[in-house]
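In case you want the letters, here they are:
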Amino acid sequence: MKAVVIEKPEQFRVARVADPTPAPSEAILAVEACGICGTDVHMLEGDFALARYPIVPGHEFCGEVVAVGSQVINVREGDFVAVDPNLPCGHCRFCRMGRFNLCENFDAIGITRDGACAELVRVVGANAFKLPDELPRRWGTLVEPLSCSVHAFDQIQPPVASSYLIYGAGTMGLMLGQLIRHAGASRIDMVERNPARHEQEQQTGGGAAEHDDARQLAHVEPRVRD
Ligand SMILES: [Zn+2]
Ligand SMILES: [Zn+2]
């Protein structure tokens, strides 16, 4: 299959690599779409300490199951799925506290093992989640970053009618903006230094507002220091 391979920091290529085969607990997906996360850029630049090289990046993805190992029971061939790329060990101190994001034995698809910037990707079957048929297929790519946004929002548990300031109108900022708006924000401000993102910010952050009070999405131009 074809895959993007980061050989080492600052060096990547599109290469022919062997097709993956599933272990008993694993599944193989034909990748439909794969997002590019800030983490991928950090890995390419060599400033993400947990990355292993060479690596096929890509941890925000969706695809169709094309093969399953003998122990996989939650998905089967033909299912269209999104995947939780994180593979906490389950037995370290933090995992036993339920703080899987702090696992001392970090392991994740696209960071420590090959990811989905490829035609096929190997995943742990239990981490695959079937998506509704009516969901446009490529939207499945956003399930992983949206999950992070939902978790972040759950952490702050704000009262209804709060005011918010979001730094950055990238994928995460825009999704947080939508979550916050639907949770009954009274005001949302976003700071974004890249003017090319401002229109999208208005469309995504403000366009779907359901009541006027939440339409106060503003562009706060930051003062840029030299
Ligand atoms: Zn990511
Ligand atoms: Zn752990």
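What you are looking at is a predicted structure, and each value in this text was computed from that prediction instead of being measured.

Caption draft 1: Geometry of the coordination of the zinc ion (ligand 2). At 2.3 to 2.4 Å from the zinc ion (ligand 2) lie its protein donor atoms, namely Cys89 (SG), Cys92 (SG), Cys95 (SG) and Cys103 (SG). One way to put it: the 4 donor atoms around the zinc ion (ligand 2) meet at angles of 104 to 117°, and that makes the site tetrahedral. Read in sequence order, the donor residues coordinating the zinc ion (ligand 2) give the pattern C-x2-C-x2-C-x7-C. Side by side, Cys92 and Cys95 carry an identical accessibility label, which is buried.

Caption draft 2: Here's a closer look at the coordination of the zinc ion (ligand 1). In the first shell of the zinc ion (ligand 1), the protein supplies Cys37 (SG), His59 (NE2) and Glu60 (OE), at 2.1 to 2.5 Å from the metal. The motif formed by the donor residues of the zinc ion (ligand 1), counted along the single chain, is C-x21-H-E. Note that Cys37 is positioned in the loop between strand E3 (26-34) and helix H1 (38-45) and His59 in the loop between H1 and strand E4 (61-68), a separation of 22 residues in sequence. Just as Cys37 is buried, His59 falls in that class too.

Caption draft 3: Molecular detail of helix H3 (residues 143-156). With 14 residues, H3 extends 20 Å from end C-alpha to end C-alpha; this agrees with the ideal 20 Å at 1.5 Å per step. Summarising the contacts, the buried residues of H3 are in contact with strand E5 (80-83), strand E8 (163-167) and helix H4 (171-182). One or two residues past the end of H3 sits Gln157, with phi positive at roughly 40°.

Caption draft 4: Unusual backbone geometry, seen in detail. Here the bond from Tyr53 into Pro54 is cis, since omega is -5°, no more than 30 degrees from zero. Residue placement: Pro54 occurs in the loop between H1 and E4. A positive phi angle, near 40°, is found at Gln157, a position not held by glycine. Mapped onto the secondary structure, Gln157 falls in the loop between H3 and E8. Gln157 sits in the exposed class, given a relative accessible area of 65%.

Caption draft 5: Spatial organisation of H4. Taking 1.5 Å per residue, 12 residues should reach 16 Å; H4 reaches 17 Å between its end C-alpha atoms and fits that length. The set of residues buried in H4 consists of Gly173, Leu174, Met175, Gly177, Ile180 and Arg181. Positioned one or two residues after H4, Gly184 has a phi angle of 95°, which is positive.

Caption draft 6: Spatial organisation of the packing of H3 against H4. The geometry of H3 relative to H4 is characterised by a closest axis approach of 9 Å and an angle of 55° between their N-to-C directions. If you check the angle between H3 and H4, you find them oblique. In this structure, H3 crosses over H4, and the sense of that crossing is right-handed. Contacts from Pro145, Leu146, Cys148, Ser149, Val150 and Phe153 in H3 reach Met172, Met175, Leu176, Leu179 and Ile180 in H4. Of the residues contributing to the contact of H3 with H4, the split by class is 10 nonpolar, 1 polar and no charged.

Conventions we followed
Residues numbered from 1 in each chain as written. Chains lettered and ligands numbered in written order. Predicted model: local features only at pLDDT ≥ 70, side-chain atom pairs only at ≥ 80, totals over all residues. Heavy atoms only, no water. Donors = N, O, S within 2.8 Å, 3.2 Å for Na, K, Ca; no water. Tetrahedral: all angles 85-135°; square planar, octahedral: opposite > 155°, others 65-115°. Buried < 20%, exposed > 50% of the residue type's maximum accessible area, 1.4 Å probe, protein only. Helix = DSSP H or I, 4+ residues; strand = E, 2+ residues; numbered from the N terminus. Expected span 1.5 Å × (residues − 1). Contact = heavy atoms within 4.5 Å. Axes fitted to C-alpha atoms, helices over the stretch in contact; angles between N-to-C directions. Parallel < 35°, antiparallel > 145°, perpendicular 65-115°, else oblique. Left-handed = near helix turned anticlockwise from the far one by under 90°. Nonpolar A, V, L, I, M, F, W, Y, C, P; charged D, E, K, R; others polar.

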